[in-house]
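If you want the building blocks of each chain, they are given just below.
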Amino acid sequence: MSIDYAGFRRELEAFARSACPPDIRAVVAAGQKITKREYQAWQQILNAQGWGAPSWPREAGGTGWDIRQRLIFEEVMAENDCPPLYHHGLGHIGPVIIRFGTPDQKARFLPRILDGSDWWCQGYSEPGSGSDLASLSTSARLEDGEWVVNGQKIWTSHAHEASMIYMLVRTSKEAKKQEGISLLLVPMDTPGITVRPIKTIDGWHHLNEVFFDEVRVRADNLVGEVGKGWTCAKFLLERERLPPANVARLELMRRQVTQLVEQASRAAAGQRDFSGLHHKLLLCEADVKGARVMMAEATDDLIHQRPLGVQPSAIKMTCADVAQRLTTIALDAVGPDAAHRFLADAGQDVPDATWIQNYMFTRARTIAGGTSEVQRNVVANELLGA
Amino acid sequence: MATSFPSLFPGMLLDAASRYAEDHIAQEIQGDPVRELGWTATLVPEEAGGAGGTLSDLASIVEGLATHGLQLPVVETCAVVPLLLQAAGAETAHRWLEAVAEGSARIAPMVALSATPEHDAVTARHLDIGYELSGVVEGVDLTLPATHYLVPVQMDGDDAIFLVDAERIGAPKARYRTMEGRLGADFALERLAVPEGACLARGAAVREARAKATDAALLLTAADTVAALATLIRQTVTHLKERRQFGVALASFQVLRHRVADMYVKYLGAKGLVIHCFHEYEQGAADLRRTLRLAKVSLAESARACAEAAIQMHGGMGVSEEVLATRTAQRLIASEFRYGDRLMHAAQLLAPPQSAERVSLSNQTGSVR
């Protein structure tokens, strides 16, 4: 039976307008940082509707939607200023557990992701291995029926407020570096875990260092086979190579920045020249339209099980680039008034200064998830050979 | 590599145009290939002896030629002319469209390549017997021989279209080689007397035809740009793989690898944008013209960046016209200035709503573009 995508879009639009609380929408609309409070509240609302996991199969408690429906979902939610889905549980570890987890792991972890009670973070990067993930050295050894973890993770988003971490650990040093890696699920309140905040250039606290000192984890928290964690990690990366949210959220940001520039332009009343910013916004608008078609084509390829080639890298590079350009435009628009108000006292809302934080935050878009240089290598290998 | 540049408008028309371009690459144009190959019939309705095709069909031809760097005025001859002719009354339009399709009339638009068919360069005055036309039109394409010129004019505050014998127009006041290697010319019409029947149409039908011709010219030029970008990158990739410096292939230098990767990502974005434009065109979208202007501004940016990068990466060969990549770079930069440059379109996009251009009649919803 063919899907009525237009009807589906209308149903989502009606829901988004009526179900998303105004205070949450206001945060999203203003381009402010979305915190655990908004993410969790929205997750609970979606879950009550049966839409808690748009990308999961129905038997795991998901919607069973196809990727086009997921794309529409992301677009409609972004158009209506609803928060994005928190990706670490729903987009990353959830699908891995569904694919590789035991029945017991599915029963223990999936419902708590769906209803928002567990908040996950990702333990991948280490001080000595950023994009070169296979070189990680945090170790886990089996001792008295438990895994004992030692080492350090870094750039761990939300570790300070997460209840669980999924992490890659080295369980063997014998084989080549991709082998001997395993995937472990660890409660953050386990003794021996220390979380230390990393002060970042945007002034928000989201990144952390996480230290593991003789941390004991129950043996059945290892996902898949011992030493096959790389397979799980690759599965995760492949699944999430095309996050539909990227393009949809980019259009939301473009509208926000356009509004910001118009307001600033009016307020400046001829004292400052905004023509350059207006011109840059046009280029961003065109790039978002192009990226949307790139995303739609990749979606079609996924549906028809055609190889994706370099599309995910190209889309990531484009989205990261446009996001950085948009926040740079915003920085120019608000800079003179907001630069001295970068960080306000707790509880004070400084909307213009938020755009300075957004500008700083967005610098990470070309670093996280594989730097743009790594993506260029992927594209160049396709064009020129390795 | 072949799969890295899938055709935008695949099919027999693309294959034929591509083959023709490959066979005639870097040769001086002999005769009138556009008409001899029957491409002028593409947009002409079947009842007038044409193929009744669409702009996508014509885009296949444009893409095929650009893929091998052949420069022919397909947009002007096969799109702008038949679309402008449709402003005339049914009988007159039918007669001339039939002549265009069979090649018995070789009609060229008397429009500057740098301006859209909506731009007025000529004015007309009604006399007791016939009309007189005055104005200067700079940068008209003269690549192919013409028996007639279609001249959009302003007449008493209204739009009109004239069809004038080439002999009556006379020789241009200056001839040029255009940036991408076409023949161009400036015409000065000084109170040129034409007969009553030369005025094909005036009023709303002309405005509609000029708007449609402008949309088509912008769309097809965008398709040409994306096809030329694919050619440019293919040529650059081949060069980087074959050319050796310091004992190794240029393709082994990471800075060059990243540079060509950036070009390719720009190409993918440009391709997506052009596909979006064609979707909007086919759906009669209310803001088609706005999207076309956006594409114009954006493609100019991407095309120039890629052209400059390719010239640089070809080293000394990059400044030689013998090299296809260099000619393609010239074509890309020249295309920026076809049918309004990026600054003109940006100005229209950024103009306050009250000073926005007139309602486009080719737009079914009648909204201001």
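Residues numbered from 1 in each chain as written. Chains lettered and ligands numbered in written order. Predicted model: local features only at pLDDT ≥ 70, side-chain atom pairs only at ≥ 80, totals over all residues. Heavy atoms only, no water.

K.L.:
Quick one: what's the story with helix H9 (residues 275–303) of chain A, residue by residue and with numbers?
P.N.:
In a regular helix each residue adds 1.5 Å, so 29 residues correspond to 42 Å; H9 of chain A covers 42 Å between its end C-alpha atoms and thus fits that length. With its phi angle positive at about 55 degrees, Gln305 of chain A sits one or two positions after the end of H9 of chain A. (Helix = DSSP H or I, 4+ residues; strand = E, 2+ residues; numbered from the N terminus. Expected span 1.5 Å × (residues − 1).)

K.L.:
Could you give an account of the interface of chain A and chain B, with specific residues and numbers?
P.N.:
Each side of the interface is counted separately: chain A has 27 residues, and chain B has 32 residues. Here chain A and chain B share an interface that buries about 2600 Å² over both sides, 69% of which is from carbon and sulfur atoms. Per-residue buried area on chain A facing chain B is highest for Leu282, Leu383 and Leu384 of chain A; these three make up 28% of the total on that side. Run the count over chain A and chain B and you get 3 salt bridges. (Contact = heavy atoms within 4.5 Å. Buried area = accessible area lost by both parts, 1.4 Å probe. Salt bridge = Lys/Arg side-chain N within 4 Å of Asp/Glu carboxyl O.)

K.L.:
With reference to specific residues and values, describe the layout of surface pockets.
P.N.:
Counted as a void, the second largest pocket has a volume near 850 Å³. What lines the second largest pocket is a set of 29 residues, and nearest its centre among them are Arg9, Glu75, Arg292 and Val293 of chain A together with His276 of chain B. When contributions to the lining of the second largest pocket are tallied by element, the ones reaching two or more residues are helix H1 (5–19), helix H4 (67–79), helix H8 (245–268) and H9 of chain A together with helix H8 (254–282) of chain B. Counting residues per element, the lining of the second largest pocket draws most heavily on H9 of chain A, at 9 residues. Residue composition of the lining of the second largest pocket, by class: 10 nonpolar, 4 polar and 15 charged. (1 Å grid on protein atoms, 1.4 Å probe; cavity = no way out; pocket = protein on both sides within 12 Å on 5 of 7 lines; lining within 4 Å. Points joined across faces, edges and corners; volume = space filled by probe spheres on them. Nonpolar A, V, L, I, M, F, W, Y, C, P; charged D, E, K, R; others polar.)

K.L.:
Go over the packing of aromatic side chains with me, naming the residues and quoting the values.
P.N.:
Counted under the stated rule, the structure contains 21 aromatic pairs over all chains. Ring geometry for Tyr39 of chain A versus Trp119 of chain A: centroids 5.8 Å apart, planes at 50 degrees, classification tilted. Of this pair, Tyr39 of chain A sits in helix H3 (residues 36–49) while Trp119 of chain A sits in the loop between helix H6 (103–114) and strand S1 (120–123), and the two are 80 residues apart along the sequence. Neither residue differs from the other here; Tyr39 of chain A and Trp119 of chain A are each classed as buried. Between Tyr20 of chain B and Trp39 of chain B, the ring centres sit 6.3 Å apart and the planes meet at 85 degrees, which makes this aromatic pair edge-to-face. (Phe/Tyr/Trp six-rings, centres within 6.5 Å; stacked < 30°, edge-to-face > 60°. Buried < 20%, exposed > 50% of the residue type's maximum accessible area, 1.4 Å probe, protein only.)

K.L.:
How would you explain the nonpolar core if you had to name every residue and give the values?
P.N.:
Residues Trp39, Leu65 and Val74 of chain B are the most contacted members of the largest nonpolar core, which totals 144 residues. Examining the composition of this core, we find that 18 residues originate from one element, helix H7 (residues 204–242) of chain B, more than from any other. Leave out the neighbours within four places in its chain, and Trp39 of chain B touches Ala17, Tyr20, Val34, Leu58, Ile61, Leu65, Leu72, Val74 and Cys78 of chain B. Membership of the second largest hydrophobic core comes to 44 residues, among which are Ile93, Ile97, Met164 and Leu168 of chain A. (Core = buried A, V, L, I, M, F, W, Y, C linked by side-chain atoms within 4.5 Å.)

K.L.:
With reference to specific residues and values, describe the pattern of salt bridges.
P.N.:
Any two side chains of opposite charge can pair, given that their charged atoms come close. Residue and element names in this part refer to chain A. As enumerated under the stated definition, the model contains 45 salt bridges over all chains in all. With a closest N to O distance of 3.1 Å, Arg108 and Asp104 form a salt bridge. In this pair, Arg108 and Asp104 are both assigned in helix H6, 4 residues apart and thus about one turn of the helix distant. Assessed through its relative accessible area of 33%, Asp104 is described here as partly exposed. Across the pair Arg196 and Glu209 runs a salt bridge, and its minimum N-O distance is 4.0 Å.

K.L.:
Which residues make up the packing of H7 of chain B against helix H10 (residues 324–336) of chain B, and what are the values?
P.N.:
Residues and elements named next belong to chain B. Two numbers describe how H7 lies on H10: the axes approach to 9 Å, and their chain directions differ by 155 degrees. Here H7 lies roughly antiparallel to H10, going by the angle between them. For the pair H7 and H10, the crossing hand works out as left-handed. Between H7, through Thr221, Asp224, Thr225, Ala228, Leu229, Thr231, Leu232 and Gln235, and H10, the contact on the second element is made entirely by Leu324, Ala325, Thr328, Ala329, Arg331, Leu332 and Ser335. (Axes fitted to C-alpha atoms, helices over the stretch in contact; angles between N-to-C directions. Parallel < 35°, antiparallel > 145°, perpendicular 65-115°, else oblique. Left-handed = near helix turned anticlockwise from the far one by under 90°.)

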